[in-house]
Amino acid sequence: MVNYNISLIKGDGIGVEIVDEAVKVLDAVGKKFDIQFNYKEYLMGGAAIDATGDPLPQETVDGVLASDACLFGAIGGPKWDNLPREKRPESGLLKFRKSMGVFANLRPAVVYDELVDASSLKPEVIRGVDIMVVRELIGGIYFGEPKGKDETKGWNTMVYTVPEIERIAHVAFKLAMKRDKRVCSVDKANVLDVSQLWRDTVIKISSQYPEVELSHMYVDNCAMQLIANPRQFDVILTGNIFGDILSDEASMLSGSIGLLPSASTGEKTAVYEPIHGSAPDIAGQGIANPIATISSASMMLRYSLDEEKAADAIDAAIKKAMSEGYRTGDLSAYDCKQKVNCSQMGDIIASFI
Ligand code: NAD
């Protein structure tokens, strides 16, 4: 039997509910494929502030780095919104990503056939959409110096170095090789010098992947094209802030933010998490959709643990739950045969494994 050490960070709000469901499903695939998952829980965000006064305790950093991979729920909530910025849950998350060295954020946006009506776009526009957004995660304007504010102005700086762009470009091209072999690099090279460096560097790296077709798009046009004709995209490669915005936009193609997983990978470790936040408006009610987190667990099996068959089994079980009409509240208006809560959805997907 193969053994993996998985660190779990449930976080705040619905994070606590959805991670439990992903563990349920992991245990089901573990049983089927003879895999033993050893879990260890760590604190981050509001829960960590309450317990230790620090949104990112050192024990969490050390524990996650020592594990094979990390499954993470979400952090944040109104309870901690009035703390100074550097003491808030969100600053713990930014520091966490930086300490893990997870520079590549992979966000698939896939439209399930059964849910084409859940999208705000017409079925004929979104049917068959299968996009992978590759977002640079630990550079760019969210981290650049100088930054600050006084009474009369505020400022942040968008900086990228050539090695930072090269390593994220390699991730995108390698992924494209396993998909439809197309990369669209998104920037604002018509206005920003940093984007011109991004574009020049991506072009240079593309020569190492002659089979992959590279195109470029300005971010404002990309925002429009994602709505107008999303099927044109295979892999979208972009920087931190543009990727943050475009991947949320892409997520809505699928109908609910509760469906979409993500992987943040780097040289030291990888963190798998839903793209949504802690949803304080529905936290504690047991009604959150756990599929984004269960799907993140599938990405963990595929990208960190090389357990392709187990990952395929989870993806197939999610699809079956969708096609048989099980829906949590966020999707209950669409082809719903049985409305279920968070824990029931976890049970159903685990039983389909
Ligand atoms: P959010 O993603 O938490 O919620 C947005 C909306 O989507 C809400 O109406 C929520 O109920 C719904 N939603 C989200 N996930 C859902 C799910 N699994 N099932 C059903 N409905 C779901 O974003 P927000 O409201 O802007 O932020 C809430 C808190 O989360 C804030 O404190 C924010 O900083 C934090 N946040 C954390 C992360 C993270 O931990 N990675 C990411 C984004 C936001």
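Conventions used here
- Residues numbered from 1 in each chain as written.
- Predicted model: local features only at pLDDT ≥ 70, side-chain atom pairs only at ≥ 80, totals over all residues.
- Heavy atoms only, no water.
- Axes fitted to C-alpha atoms, helices over the stretch in contact; angles between N-to-C directions.
- Helix = DSSP H or I, 4+ residues; strand = E, 2+ residues; numbered from the N terminus.
- Parallel < 35°, antiparallel > 145°, perpendicular 65-115°, else oblique.
- Left-handed = near helix turned anticlockwise from the far one by under 90°.
- Contact = heavy atoms within 4.5 Å.
- Core = buried A, V, L, I, M, F, W, Y, C linked by side-chain atoms within 4.5 Å.
- Buried < 20%, exposed > 50% of the residue type's maximum accessible area, 1.4 Å probe, protein only.
- Domains from an automatic or database assignment.
- Phe/Tyr/Trp six-rings, centres within 6.5 Å; stacked < 30°, edge-to-face > 60°.
- Lys NZ or Arg CZ within 6 Å of the ring centre and 35° of its normal.
- Near = heavy atom within 4 Å.
- Polar contact = N/O pair within 3.5 Å; in protein donor to acceptor, adjacent residues only side chain to side chain.
- Areas by Shrake-Rupley, 256 points an atom, 1.4 Å probe, with all protein chains shown as cover.
- Nonpolar A, V, L, I, M, F, W, Y, C, P; charged D, E, K, R; others polar.

## With respect to the packing of helix α10 (residues 291-303) against helix α11 (residues 308-323)
Taken N-terminus to C-terminus, the directions of α10 and α11 make an angle of 160°; their axes are 7 Å apart at the nearest point. Put simply, α10 runs roughly antiparallel to α11. Viewed along their axes, α10 and α11 form a crossing whose handedness is left-handed. Residues Ile 291, Ile 294, Ser 295, Ser 298, Leu 301 and Arg 302 of α10 lie in contact with α11, whose contacting residues are Glu 308, Ala 310, Ala 311, Asp 312, Ile 314, Asp 315, Ile 318 and Met 322.

## Overview of the nonpolar core
Residues Phe 96 and Val 134 are the most contacted members of the largest nonpolar core, which totals 84 residues. Mapped onto the domain boundaries, this core takes at least three residues apiece from domain 1 (1-106 + 289-353) and domain 2 (120-254). Apart from the residues within four sequence positions on either side, Phe 96 is in contact with Ile 9, Met 44, Leu 56, Thr 60, Val 64, Cys 70 and Val 271. Core analysis: the next-biggest nonpolar cluster, separate from the first, contains 20 residues, Ala 109, Val 129, Ile 131 and Phe 233 among them.

## Description of the packing of aromatic side chains
Per the counting criterion, the structure on display carries six aromatic pairs. An aromatic cluster of at least three residues, connected via ring pairs, comprises Tyr 4, Phe 37 and Tyr 39. Against the face of Phe 143 rests Lys 98, its NZ or CZ located 4.6 Å from the ring centre.

## Concerning the site of the ligand
In the vicinity of the ligand lie 21 residues, with Ile 75, Glu 90, Gly 277, Ala 279 and Asp 281 positioned nearest. The separation between an oxygen atom of the ligand and a polar main-chain atom of Ile 75 is 2.9 Å. Separating an oxygen atom of the ligand from a backbone N or O atom of Gly 277 is a distance of 2.7 Å. Protein contacts shield 68% of the accessible area of the ligand, which totals 800 Å² for the unbound molecule. Of all the secondary-structure elements, those providing two or more residues to the shell around the ligand are β3 (69-74) and α4 (89-100). A class-by-class count of the residues in the shell around the ligand yields 10 nonpolar, seven polar and four charged.

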